[in-house]
Amino acid sequence: MEIRIFDWENGEFITRFITYKASNQKYKVHAFEPSGFSFDFPLGEYGAWEFKRGRFVLIEDFIGVIEDIRRNTDANNDMMSISGKDIKGLLAQRIIIPITFSGIQGTAGYDIATGWTDACIKHFWRNNISVNAELNRRFPFIIIGADKNIGTSDDKYMARFEKLSDVTAELANNANVVITSKLVGATPQIEAGTILLDVVLPTMRTYNSDQPLILSLDRQTALQLEHIQEAGGYRNAFYATQSGAQFADETLTMLYVRDGETESANLDRREEHINVSVNTPVAGQEYNEMRRQAVHDMLNYEETNTLSAHANFTHLKYKRDYDVGDFVTVQNKDWGIETDIQITAVEISDDASGRTETMTLGTGEKSYIKQILTEVKNI
């Protein structure tokens, strides 16, 4: 793989070094969470001094920032290991600070975003890394895409000193949208380019789509399937308490269940207490506003029902036949299972054994959920 090292200076990207001599290259792209890259480079090779913390790397179309450099010398070789994060990883360097907060101290309420999901996400981006943020908090090399009205039409999020990356991932995951970053307006040498950070809709490659991708033993696209059903983290009766009251015994607490469900009893009942933040609701609307927040938190207590698939594809290639965020279909007729699931991450590695592309299906974000891995080897 070609690896290109570049800086951002005086409003443009400047290429510092290009090499094909790195080894053990690996990078991962996630649909909405931060991810990263790593590779090795000989210490004695020309250009080794160009690898510096804070510089950008371009590996194929993956853009990252160098964070860690490790140098190792022994009797056989002198190597350095380079690793870092992608552009979504930069969001983890910022917390959401309400616009009303100024200076280095003072009081601050919540920053509230409402509307379509992509508009909510970009509201927090603009307020914390772009035009509405203090100059020292901005990333000048990032431009934010225009609102497209995608995701959930009536989304809402209240944030206060949370990681920008966490809020971005939660909103995107819940609404099934994808966070992307790419170079725009750049020459082949990158100079004068910027990085576009955007929210897009996923591509549907499920059974009934125009270009389906079906993982199945019968179709010989999958070599192994695993079905996991777990209820350890599942809850169905939520006692929601409005936060912010001066005395605990004066707080408003309501019982909620999921839409379309009735209140469970006996062994089927699984209770959870949650705190919800309601920003001065209109009198008489407390119940509805608390429910909106409670329904959002219920997503953290879903029943696990996932599939894993292990396949050897010699005819599929990343970016050509599939991409991060795509929805595909997994089938097993013997189990009576056919489910549509999202490719949430793709990891590309290139070492002495060849190039490997590994897809992750599903979120696997809680300890109760096992990530679904599909290995894709291009021979």
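Draft legend 1. Broad picture of the packing of helix α2 (residues 117–128) against helix α3 (residues 164–175). Between α2 and α3, the least distance of the axes is 9 Å, while the angle of their chain directions is 170°. With respect to α3, the axis of α2 lies roughly antiparallel. Residues Thr 117, Cys 120, Ile 121, Phe 124, Trp 125 and Asn 128 of α2 pack against Leu 164, Val 167, Thr 168, Leu 171, Ala 172 and Ala 175 of α3. Residues belonging to the contact of α2 with α3 are distributed by class as follows: nine nonpolar, three polar and no charged.

Draft legend 2. Here's a closer look at the pairing of strand β7 (residues 78–86). Strand direction decides the pairing type here: strand β4 (residues 36–42) and β7, joined by seven bridges, are antiparallel. Across the sheet, Ser 38 pairs through a bridge with Ser 83, a residue of β7. As paired elements, strand β6 (residues 62–73) and β7 share nine bridges and run antiparallel to each other. Residue pairing for β7: Val 65 is matched across the bridge by Lys 85. Taking the residues that link successive antiparallel strands as the turn, the β6-β7 hairpin has four residues.

Draft legend 3. The arrangement of the environment of Leu 164 in detail. Tracing the chain through its elements places Leu 164 in helix α3. Classification of Leu 164 by relative accessible area gives buried; the value is 0%. In the structure, Leu 164 is positioned 39 residues away from Trp 125 in sequence and 7.6 Å away in space, judged by C-alpha atoms. Apart from the residues lying within four places of it in its own chain, the contact partners of Leu 164 are Leu 91, Arg 94, Ile 95, Ile 96, Phe 124, Trp 125, Asn 128 and Ile 129.

Draft legend 4. Quick look at α2. Taking 1.5 Å of rise per residue, twelve residues should cover 16 Å, and α2 covers 17 Å from first to last C-alpha, within 8% of that figure. Along α2, ten of the twelve residues are buried, which leaves the element largely enclosed by surrounding structure. Looking at α2, one finds that the buried residues are Thr 117, Asp 118, Ala 119, Cys 120, Ile 121, Lys 122, Phe 124, Trp 125, Asn 127 and Asn 128. Turning to α2, the residues buried within the fold contact β8 (111–115), β9 (142–144), β10 (155–159), α3, β11 (178–184) and β12 (194–200).

Reading the values: rules and limits
- The numbering scheme is per chain: residues are counted from 1 as the chain's sequence reads.
- Reporting in this predicted model follows two pLDDT cut-offs: at least 70 for local features of residues, and 80 or more for side-chain atom pairs to be given and counted; totals over whole chains, interfaces and linings ignore these cut-offs and use all residues.
- By convention in this description, side-chain values take in all heavy atoms of the structure and omit both hydrogens and water.
- Each axis is a line fitted through C-alpha atoms, taken for helices only over the stretch in contact, and angles between the N-to-C directions span 0 to 180 degrees.
- Helix and strand definitions follow DSSP, with helices as H or I runs of at least four residues and strands as E runs of at least two, each counted in order from the N terminus.
- An angle counts as roughly parallel when it lies under 35 degrees, as roughly antiparallel when it exceeds 145, as roughly perpendicular when it falls between 65 and 115, and as oblique in every other case.
- We call two residues in contact when some of their heavy atoms are within 4.5 Å.
- Gly is placed with the polar residues, together with every amino acid not listed as nonpolar (Ala, Val, Leu, Ile, Met, Phe, Trp, Tyr, Cys and Pro) or charged (Asp, Glu, Lys and Arg).
- Each pair of strands is called paired provided DSSP finds at least two bridges between the two strands.
- Relative accessibility under 20% of the residue-type maximum defines a buried residue, over 50% an exposed one, and the middle range a partly exposed one, all with a 1.4 Å probe and only protein chains included.
- Helix span is expected to be 1.5 Å times the residue number reduced by one.

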